[in-house]
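Okay, here's what each chain looks like letter by letter:
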Amino acid sequence: MISDGEHSFRTKGSCARTITYTAKDGKIFNIRFDGGCNGNLKMISKLLEGMDAEEIVSKCKGNLCGLKGTSCADQLARALISEE
């Protein structure tokens, strides 16, 4: 289970450079992407607000952007997996 508190993740291969979020009791809040498609990433953050980390990983892992082999959403899933 992910530890409570604020976390920061440096992305690889996506337009967003870093992702920060707060974890509390296995739920994720205040997701912020630095860089990337501003409007789309704000909507992703709103849709995922308060969701269980495991559910976010299930929904976001493997989503690809073009030929990059990853995406900002996939990088969020990887960030959550790396904190477990």
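The structure this text deals with has already been given above.
As the structure is a prediction and not an experimental result, all values here were calculated from the model.

Caption draft 1: A look at the side chain of Ser45. Inspection of the secondary structure puts Ser45 in helix 1 (residues 38-48). There is a polar contact of 3.0 Å between the side chain of Ser45 and the backbone oxygen of Ile31. Among all residues touching Ser45, those that are not within four sequence positions of it are Ile31 and Phe33.

Caption draft 2: Seen up close, unusual backbone geometry. Look at Asp25: it is not a glycine, yet its phi comes out positive at around 55°. Tracing the chain through its elements places Asp25 in the loop between strand 2 (16-24) and strand 3 (27-35). Looking at Asp25, the relative accessible area reads 52%, which means it is exposed. Unlike most non-glycine residues, Asn30 shows phi in positive territory, near 50°. By the secondary structure assignment, Asn30 is in strand 3. For Asn30, a relative accessible area of 41% gives the class partly exposed.

Caption draft 3: Inspection of the nonpolar core at higher detail. Ranked by internal contacts, the top residues of the largest apolar core, which has 22 residues, are Tyr21, Ile28, Ile31, Phe33, Ile56, Leu76 and Leu80. At the level of elements, strand 2, strand 3, helix 1, helix 2 (53-60) and helix 3 (72-82) are the ones that each hand at least two residues to this core. Looking at this core element by element, the count peaks at six residues for helix 3. The contacts of Leu76, once residues within four sequence positions are left out, are Ile19, Tyr21, Ile31, Phe33, Leu48 and Ile56.

Caption draft 4: Structural view of helix 1. Within the sequence span of helix 1, burial applies to Leu41, Ser45 and Leu48. One side of helix 1 holds all its buried residues, which, seen down the axis, span an arc of 80°. For helix 1, the exposed residues lying more than 90 degrees away from the buried face are Asn40, Lys46 and Leu47. Residues of helix 1 that are buried make contact with strand 2, strand 3, helix 2 and helix 3. Looking one or two places after helix 1, you find Gly50, whose phi comes out positive at around 80°.

Rules of the game
- Residues numbered from 1 in each chain as written.
- Predicted model: local features only at pLDDT ≥ 70, side-chain atom pairs only at ≥ 80, totals over all residues.
- Heavy atoms only, no water.
- Helix = DSSP H or I, 4+ residues; strand = E, 2+ residues; numbered from the N terminus.
- Polar contact = N/O pair within 3.5 Å; in protein donor to acceptor, adjacent residues only side chain to side chain.
- Contact = heavy atoms within 4.5 Å.
- Buried < 20%, exposed > 50% of the residue type's maximum accessible area, 1.4 Å probe, protein only.
- Core = buried A, V, L, I, M, F, W, Y, C linked by side-chain atoms within 4.5 Å.
- Arc of directions from axis to C-beta.

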